[in-house]
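Structural characterization, general
Take a look at the letters that make up each chain.
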Amino acid sequence: MRARRTVQEARRVREFEAFLAGAGGRLLRTATLLTAETAEENPRARRLLTHALAHTYACWDRLRGEDPYNHARECLAVRFARGAWHRYLVLPFGPARARPAGPLAVLSPQHRLVLVLRLHEGVAEEQVAALLGLPAERVHLICDRATAALLHPPRGPAPARVSAKTATPS
C-alpha cells in the first residue's frame, strides 16, 4: 500500500512539474500585470502566484478532466481580488506600500483585474462576470473604461504662462 501511494505521489509531482514548466512563465506575467509591478521587481506577484500554485497543487487530483491552467488562473484572480479588497478598501490606514511602477499602475485593482483577464488572458466576458460575481454588462463597462484610461491618460498640469514683462530681453 505504501509503495503504491509513493508511486501515485511521484506521478502527481511529475505532472505538476510539467504543468509548471509550461505555464509558470505566463502565470507569473499575469500576476505581475495584476499587481502592476515591473517584471524585474515583482515580489507581490511572486507571492500571489505561489499561493495560487499551492492551491492548484492541493487540488491536483480533483482536476481530472479540467484544465489546470484555468484553475490556477482563477485562483490567481480570486486571491488578487480578495487581497485588493482588503488592502485598498477595508484597511485604508495600513502600513505604507511603495507605489507600483508597472504599465497598469494607473488603473484601480478592479480595472486591472478585468483588463488582464479579458485582454491578456482572453477570457470571455461571461466567464469574467461569473468569476467576479458581476453582471456581464458591468464587466464590459469596466473593460472599456480601463482601456480608455490606458489609451488616453489624463494630461498633466498646463505649463505656466510667461508674462511679457519677465520675458523682455536685456
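Please read all numbers here as calculations on a predicted model, not as lab measurements. (Residues numbered from 1 in each chain as written. Predicted model: local features only at pLDDT ≥ 70, side-chain atom pairs only at ≥ 80, totals over all residues. Heavy atoms only, no water.)

1. Let's talk about the overall build of the protein
Put simply, the rule is: Segments assigned H or I by DSSP are reported as helices when at least four residues long, segments assigned E as strands when at least two residues long, and all are numbered from the N terminus. In this analysis, two residues are considered to be in contact whenever any of their non-hydrogen atoms come within 4.5 Å of each other. Exposure was quantified through the Shrake-Rupley algorithm and a 1.4 Å probe, taking into account, for residues, occlusion by the shown protein chains and nothing else.
Counting its secondary structure elements, the protein contains six helices and zero strands. N-terminal to C-terminal, the α/β element order of the protein is α-α-α-α-α-α. Sequence separation of at least 24 residues holds for 64% of the intrachain contacts in the protein that already meet a minimum separation of 6. Carbon and sulfur atoms form 58% of the exposed surface of the protein, whose accessible area is close to 11500 Å².

2. Regarding the packing of helix α5 (residues 125–132) against helix α6 (residues 136–151)
When two helices pack together, their arrangement is given by the angle between their axes and by how far apart the axes lie. For clarity, the cut-off: For helices, the fitted line uses only the C-alpha atoms of the stretch in contact; every axis is such a line through C-alpha atoms, and the angle between N-to-C directions lies from 0 to 180 degrees. Roughly parallel means an angle under 35 degrees; roughly antiparallel, over 145; roughly perpendicular, 65 to 115; everything else is oblique. Under the scheme applied here, ten amino acids are nonpolar (Ala, Val, Leu, Ile, Met, Phe, Trp, Tyr, Cys and Pro), four are charged (Asp, Glu, Lys and Arg), and all others, including Gly, are polar.
Axis separation between α5 and α6 bottoms out at 8 Å; the angle between their running directions is 105 degrees. Judged on the interaxial angle alone, α6 and α5 are roughly perpendicular. Two secondary-structure elements touch here, α5 through Glu125, Val128 and Ala129 and α6 through Ala136, Val139 and His140. Counted by class, the contact of α5 with α6 contains four nonpolar, one polar and one charged residues.

3. As for the confidence of the model for the protein
Do not read the predicted coordinates in detail wherever pLDDT is low. Rules: For every residue, the pLDDT score states the predictor's confidence, bounded by 0 at the bottom and 100 at the top.
Per-residue confidence for the protein averages 85 on the pLDDT scale, and 84% of its residues sit at or above 70. Across residues 88–94, confidence stays below pLDDT 50; counting only partners more than four residues off in sequence or on other chains, it has five contacts.

4. Remarks on α6
Put simply, the rule reads: Between the first and last residue of a helix there are one fewer steps than residues, each counted as 1.5 Å, and that sum is the expected span. Working definition: with a 1.4 Å probe on protein chains only, accessible area under 20% of the residue-type maximum means buried, over 50% means exposed, and in between means partly exposed. In this description, one arc is meant: the one made by directions from the helix axis to the C-beta atoms.
Taking 1.5 Å as the rise per residue, α6 with 16 residues should run 22 Å; its terminal C-alpha atoms sit 23 Å apart, in good agreement. When we look at burial in α6, the residues that qualify are Val139, Ile142, Cys143 and Ala146. With its buried residues spanning 100 degrees around the axis, α6 presents them on a single face. Exposed and facing more than 90 degrees away from the buried side of α6 are Glu137 and Leu151. Buried positions along α6 lie against α4 (109–120) and α5.

5. Focus on the pattern of salt bridges
Note the cut-off: Salt bridges, as used here, are contacts in which a Lys or Arg side-chain nitrogen is within 4 Å of a carboxyl oxygen on Asp or Glu.
In this structure the tally under the stated criterion is six salt bridges. Linking Arg11 and Glu15 is a salt bridge whose minimum nitrogen-to-oxygen distance equals 3.2 Å. With Arg11 and Glu15 both in helix α1 (residues 2–35) and four residues apart, this pair spans about one turn of that helix. On the basis of relative accessible area, Arg11 is assigned to the partly exposed category, the value being 30%. Glu15 is the salt-bridge partner of Arg64, the closest N and O atoms lying 3.2 Å from each other. Of this pair, Arg64 sits in the loop between α2 (43–58) and α3 (68–90) while Glu15 sits in helix α1, placing them 49 residues apart in sequence. Taken together, the shared-partner salt bridges connect Glu9, Arg12 and Asp61 into one network.

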